[in-house]
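Observations on chain architecture
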Amino acid sequence: MVNTTMTELREESAPAPAPYSGWIGKVTGSALYRTTIGRLADSRHARLALLAGIPVIWLFVLHVGPILQMANISFTDNYPPQPNETTRYTLANYALFFSDSIYVLPFIRSLVFAAVVTVSTLVIVYPVAYYVAKVLQPKQRMRALLLLLIPFWAGELIRTFSVIMLLANRGAVNVLLREIGLIDRPIPMLYTSFSLSFGVIYLLALYMLLPLYSAIEKIPVQLVHAAADLGASPFQRFRRVILPLSKDGIVSGCSLVYLTAVGVFAAPLLLGGPNAVIFPEVIATLFHSSNDKWPEGAAFAMLMLAVSLTTVGLFMRVVGGRSVRLM
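Residues numbered from 1 in each chain as written. Predicted model: local features only at pLDDT ≥ 70, side-chain atom pairs only at ≥ 80, totals over all residues. Heavy atoms only, no water.

For helix α13 (residues 234-245), with 12 residues, the first-to-last C-alpha span of 15 Å sits near the 16 Å given by 1.5 Å per residue. By the burial criterion, the buried members of α13 are Arg237, Val241, Ile242 and Pro244. (Helix = DSSP H or I, 4+ residues; strand = E, 2+ residues; numbered from the N terminus. Expected span 1.5 Å × (residues − 1). Buried < 20%, exposed > 50% of the residue type's maximum accessible area, 1.4 Å probe, protein only.)

Next up on the list: the confidence of the model for the protein chain. Averaged over the protein chain, the pLDDT score is 83; the fraction of residues at 70 or greater is 83%. Per-element confidence in the protein chain is highest for helix α14 (residues 247-262), whose mean pLDDT is 94, and lowest for helix α1 (residues 2-13), whose mean pLDDT is 51. The low-confidence segment residues 323-327, where pLDDT is below 50, has 14 contacts with residues more than four positions distant or belonging to other chains. (pLDDT = per-residue confidence, 0-100. Contact = heavy atoms within 4.5 Å.)

Once that is clear, we can look at the packing of helix α9 (residues 156-167) against helix α11 (residues 193-217). The geometry of α9 relative to α11 is characterised by a closest axis approach of 10 Å and an angle of 140° between their N-to-C directions. Classified by the angle between their axes, α9 and α11 sit oblique to one another. In terms of crossing hand, the pair formed by α9 and α11 is right-handed. On α11, the residues that touch Glu156, Arg159, Thr160, Ser162, Val163, Leu166 and Leu167 of α9 are Phe194, Ser195, Phe198, Gly199, Tyr202 and Leu203. Here the residues of the contact of α9 with α11 sort into seven nonpolar, four polar and two charged. (Axes fitted to C-alpha atoms, helices over the stretch in contact; angles between N-to-C directions. Parallel < 35°, antiparallel > 145°, perpendicular 65-115°, else oblique. Left-handed = near helix turned anticlockwise from the far one by under 90°. Nonpolar A, V, L, I, M, F, W, Y, C, P; charged D, E, K, R; others polar.)

Moving on, we come to the nonpolar core. By size, the foremost hydrophobic cluster in this structure holds 63 residues, and its most contacted members are Phe97, Val117, Val200, Leu212, Phe279 and Phe300. Residue contributions to this core peak at 12 residues, all from α11. Discounting residues that sit within four places of it in the chain, leucine 212 has contacts with Leu122, Val125, Tyr126, Ala129, Gly249 and Ile250. (Core = buried A, V, L, I, M, F, W, Y, C linked by side-chain atoms within 4.5 Å.)

Notably, tyrosine 191 is not glycine yet its phi reads approximately 60°, a positive angle. Tracing the sequence through the fold places tyrosine 191 in the loop between α10 (172-179) and α11. Of the residues examined, tyrosine 191 reaches a relative accessible area of 47% and is grouped as partly exposed.

Structurally, the position occupied by asparagine 93 is in helix α6 (residues 92-99). Of the polar contacts made by the side chain of asparagine 93, one reaches the backbone oxygen of serine 74; its length is 2.7 Å. Side-chain polar atoms of asparagine 93 contact the backbone oxygen of threonine 76, separated by 2.8 Å. If sequence neighbours within four positions are ignored, asparagine 93 has contacts with Ile73, Ser74, Phe75, Thr76, Pro295, Glu296, Ala299 and Phe300. (Polar contact = N/O pair within 3.5 Å; in protein donor to acceptor, adjacent residues only side chain to side chain.)

Along an α-helix, residues three or four apart share an orientation, since each turn contains 3.6 residues. End to end, helix α17 (residues 294-320) covers 37 Å across 27 residues, agreeing with the expected 39 Å (1.5 Å per residue, within 8%). All of the buried residues along α17 are Pro295, Glu296, Gly297, Ala298, Ala299, Phe300, Met302, Leu303, Met304, Ser308 and Val312.

Turning next to the packing of helix α12 (residues 221-229) against α13. At their nearest, the axes of α12 and α13 sit 10 Å apart, and the two run at 165° to each other. Between α12 and α13, the interaxial angle falls into the category roughly antiparallel. For the crossing formed where α12 meets α13, the hand is right-handed. Here Leu223, Val224, Ala227 and Ala228 of α12 lie close against α13, whose contacting residues are Arg237, Val241, Ile242 and Leu245.

Let's shift gears to the side chain of arginine 141. Structurally, arginine 141 is set in helix α8 (residues 138-149). Judged by its relative accessible area of 15%, arginine 141 falls in the buried class. A distance of 3.3 Å separates a polar atom in the side chain of arginine 141 from the backbone oxygen of leucine 136. Setting aside its immediate chain neighbours within four residues, arginine 141 contacts Val132, Ala133, Lys134, Leu136, Tyr213 and Glu217.

So this is what it looks like as structure tokens:
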């Protein structure tokens with residue numbers, strides 16, 4: 001009791017902190033500062049608004065804003081509007097998509113192509129992510145991740161042309177196969193569905209690798225050892241322990257890869273053939289045509305955006321909503 005009283009007396013008699021000196025003291029002591037920045041600094045909600053304001057403005061101006069503008073253009077009958085003409089809104093641009101199979105078939109092909117690429121990327125990248133996260137020693141993981149990330153420091157076009165040099169008739173794959181005597185003439189791999197899928201998987205592997213590595217690295221190794229002690233085989237340990245606990249990484253990686261594969265544009269132009277036309281090429285053709293078909297292109301782009309987001313949302317709801325069960 002006496003100690004508490006003495007502490008309170010010392011706190012009351014302690015001198016107040018000295019104000020800032022110099023020009024900082026003049027600014028902080030001014031009435032303008034106390035009524036503006038000083039009041040904002042004292043308010044928790046004001047500090048939160050200031051911190052969140054810039055990201056929110058960035059999001060709406062550079063992301064949501066262009067999408068809203070694209071949606072507005074998709075309902076107009078002509079864009080850009082001509083002088084002395086009234087802009088009219090119509091659904092004809094969306095009806096055009098369903099009126100001809102020349103638009104529907106590339107759309108379906110794009111969705112199937114993105115799904116196949118997503119599943120293939122998951123199957124290829126998952127063992128790599130598991131090896132880096134659980135097999136390698138902690139000191140070697142960062143080095144392995146760095147080696148895996150180095151190719152992605154180059155631009156998309158550079159990596160796409162590297163795939164062309166790899167799969168061309170005189171590329172590295174055909175030269176290797178001919179040198180070891182497996183083939184007598186080059187295998188035509190370029191400008192096919194195979195080359196397109198191979199190139200897109202290579203371009204998007206990073207979007208699958210990092211979420212998977214993050215999820216697998218967090219799995220406690222004690223759970224795997226406990227399952228082994230209880231008699232679970234390696235496949236059972238993978239199916240009932242490792243796979244369910246890495247579900248979040250699978251959902252995140254598949255969502256990123258699918259959304260990117262649906263809208264990929266440069267790789268199909270450079271790697272795909274005439275039978276591998278996908279929907280982004282159709283949209284680009286409408287935007288680049290000389291007949292002012294921006295409303296049609298905007299409508300097709302909004303359809304692609306809506307369907308792809310709906311597909312990913314259903315996937316996250318079905319796969320991501322399941323509870324994890326061990327053993």
